[in-house]
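Chain by chain, the residues:
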Amino acid sequence: MDEDFEARVEPYRRELLVHCYRMLGAVHEAEDLVQETMLRAWRARERYDAGRASVRTWLYRIATNACLTALEGRSRRPLPSGLCAPSDDPYAPLAPSLDVPWLQPFPDALLGDPAERAVRRGSLRLALIAAMQALPPKQRAVLILRDVLEFPAADVAELLETTPAAVNSALQRARAGLEEAAPVEDRIAEPDDGAVDALVDRYIRSFEAADVAGLVALLTEDAVLEMPPVPLWYRGRDAYGRFMERLFAMRDTDWRMVRTAANAQPAVAAYHRDDDGGGLVLHTLQVFSVRPDGLARNVVFQDARVFAAFELPPRLEAR
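In the nomenclature of an unreviewed UniProt entry, the protein chain corresponds to RNA polymerase sigma factor from the organism Actinomadura nitritigenes. In its Sequence similarities (unreviewed entry) section, the UniProt entry covering the protein chain states "Belongs to the sigma-70 factor family. ECF subfamily." Taken from UniProt, the Subunit (unreviewed entry) comment for the protein chain reads in full: "Interacts transiently with the RNA polymerase catalytic core formed by RpoA, RpoB, RpoC and RpoZ (2 alpha, 1 beta, 1 beta' and 1 omega subunit) to form the RNA polymerase holoenzyme that can initiate transcription."

Shown next, in the form of structure tokens:
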């Protein structure tokens, strides 16, 4: 590859990955689309006109249109709470729906330095990404480009080959759709990092001790628990606690939790004792939304592609 070309485009790879993830809701698909973007850019390098657009704007045009093409005729990527009403049965069958293209979390390890992660925090929350998936693809693109990336309307119009008036109209519709789809806790400020870390540490201690009462005490009154690919979710402390009682009865009480981070939110990988007792096996990745009044949402992923994206070891040795 031409070294000058690579030097010009490579600094934008990470932010393009985040952009494609916001559009698509899946890390592995976003990675594929970034590769496609770089390939298209390479093929069109001789036609690039620095007088019309910066390299960054040019790459976003290629990436956005590649995403829109990939989204043609596709179903959106939801979370269970976007598909059905909450369950009140803690013993409902845990049958996965593998035909649903579920939303995936984004590893913070791919975000870069701490300052970059801080900037992205508010715009990368898992629940917000889920709400964006409810928008038509073109509205989703306009919302991300205008409100998240703060591109001028004229640049977005050129990027999408439309008019500034059409961009502004699509943005109004997208904002209204997002307001309707976005969960309440996404509009409430998080506590400071120290308070979040302390709450997650208490959650880990309670979980590893199979202390249901301790877990429930950390929840908000309207806390949500959902578990893709199982199309089932629960709302409220009582339902959450009763399901955790079921879980600990099913999987015994020998657990170990490992801290990680996803979507600029705290997360943990949960491991439980193997059937042969020789170690602990990876069970789930849990991503938390935290409000000042407690843990508001726990999205629990049990998907090999998610585990691979986070590079989680499949087993831990017993202590």
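Don't stop here, the text continues.
Caption draft 1: The overall build of the protein chain, seen in detail. When its secondary structure is counted, the protein chain shows 13 helices and seven strands. The C-alpha atoms of the protein chain give 21 Å as radius of gyration, which agrees with the globular expectation for 319 residues (20 Å, within 12%). Counting the 319 residues in the protein chain, one finds 52% classified as buried. Restricting to contacts in the protein chain with at least 6 residues of sequence separation, those with at least 24 account for 67%. Of the roughly 14,600 Å² that the protein chain leaves accessible, carbon and sulfur atoms contribute 49%.

Caption draft 2: Spotlight on the pairing of strand 6 (residues 294-301). Most of strand 6 is tucked away: eight of the eight residues are buried. The sheet contact formed by strand 5 (residues 279-291) and strand 6 spans seven bridges and is antiparallel. Bridge assignment links Gln286 to a residue of strand 6, and that residue is Val300.

Caption draft 3: Quick look at the side chain of Gln286. If you trace the backbone, Gln286 turns up in strand 5. Exposure remark for Gln286: the relative accessible area of 3% places this residue in the buried category. Of note is the side chain of Gln286, whose polar atom sits 3.0 Å from the side chain of Asn298. Gln286 has contacts with Tyr203, Phe207, Met257, Pro266, Ala267, Val268, Ala270, Asn298, Val299 and Val300, leaving out every residue within four places of it along the chain.

Caption draft 4: The arrangement of the packing of helix 7 (residues 137-148) against helix 9 (residues 164-181) in detail. Here helix 7 crosses helix 9 at 95°, and the two axes come no closer than 8 Å. On the basis of their axis angle, the class for helix 7 and helix 9 is roughly perpendicular. Seen from helix 7, the contacting residues are Gln139, Val142, Leu143, Arg146 and Asp147; seen from helix 9, they are Val167, Asn168, Ala170, Leu171, Arg173, Ala174, Arg175 and Leu178. For the contact of helix 7 with helix 9, the class distribution of residues is seven nonpolar, two polar and four charged.

Caption draft 5: Just the UniProt feature "domain: RNA polymerase sigma factor 70 region 4 type" (unreviewed entry) in the protein chain, in detail. Sequence positions flagged by UniProt for "domain: RNA polymerase sigma factor 70 region 4 type" (unreviewed entry) are, in local numbering, residues 126-176. A distance of 19 Å separates the end C-alpha atoms of residues 126-176, which is 78% helix and 0% strand.

Caption draft 6: Here's a closer look at the pairing of strand 1 (residues 219-227). Among the nine residues in strand 1, seven count as buried, and that is most of the element. Sheet topology note: the strand 1/strand 2 (residues 230-235) ladder contains four bridges and is antiparallel. By the bridge assignment for strand 2, Leu225 is matched with Tyr234.

Caption draft 7: Spotlight on the environment of Val167. The topology assignment puts Val167 in helix 9. Linking Val167 and Ala141, residues 26 residues apart in sequence, is a C-alpha distance of 9.9 Å. With residues up to four places along the chain from it excluded, the contact list for Val167 reads Val142, Arg146, Ala153, Val156, Ala157 and Thr162.

Basis of the calculations
Residues numbered from 1 in each chain as written. Predicted model: local features only at pLDDT ≥ 70, side-chain atom pairs only at ≥ 80, totals over all residues. Heavy atoms only, no water. UniProt positions renumbered as here; feature names shortened; annotations may be inferred. Helix = DSSP H or I, 4+ residues; strand = E, 2+ residues; numbered from the N terminus. Rg over C-alpha atoms; globule rule 2.2 N^0.38 Å. Buried < 20%, exposed > 50% of the residue type's maximum accessible area, 1.4 Å probe, protein only. Contact = heavy atoms within 4.5 Å. Areas by Shrake-Rupley, 256 points an atom, 1.4 Å probe, with all protein chains shown as cover. Pairing = 2+ DSSP bridges. Polar contact = N/O pair within 3.5 Å; in protein donor to acceptor, adjacent residues only side chain to side chain. Axes fitted to C-alpha atoms, helices over the stretch in contact; angles between N-to-C directions. Parallel < 35°, antiparallel > 145°, perpendicular 65-115°, else oblique. Nonpolar A, V, L, I, M, F, W, Y, C, P; charged D, E, K, R; others polar.

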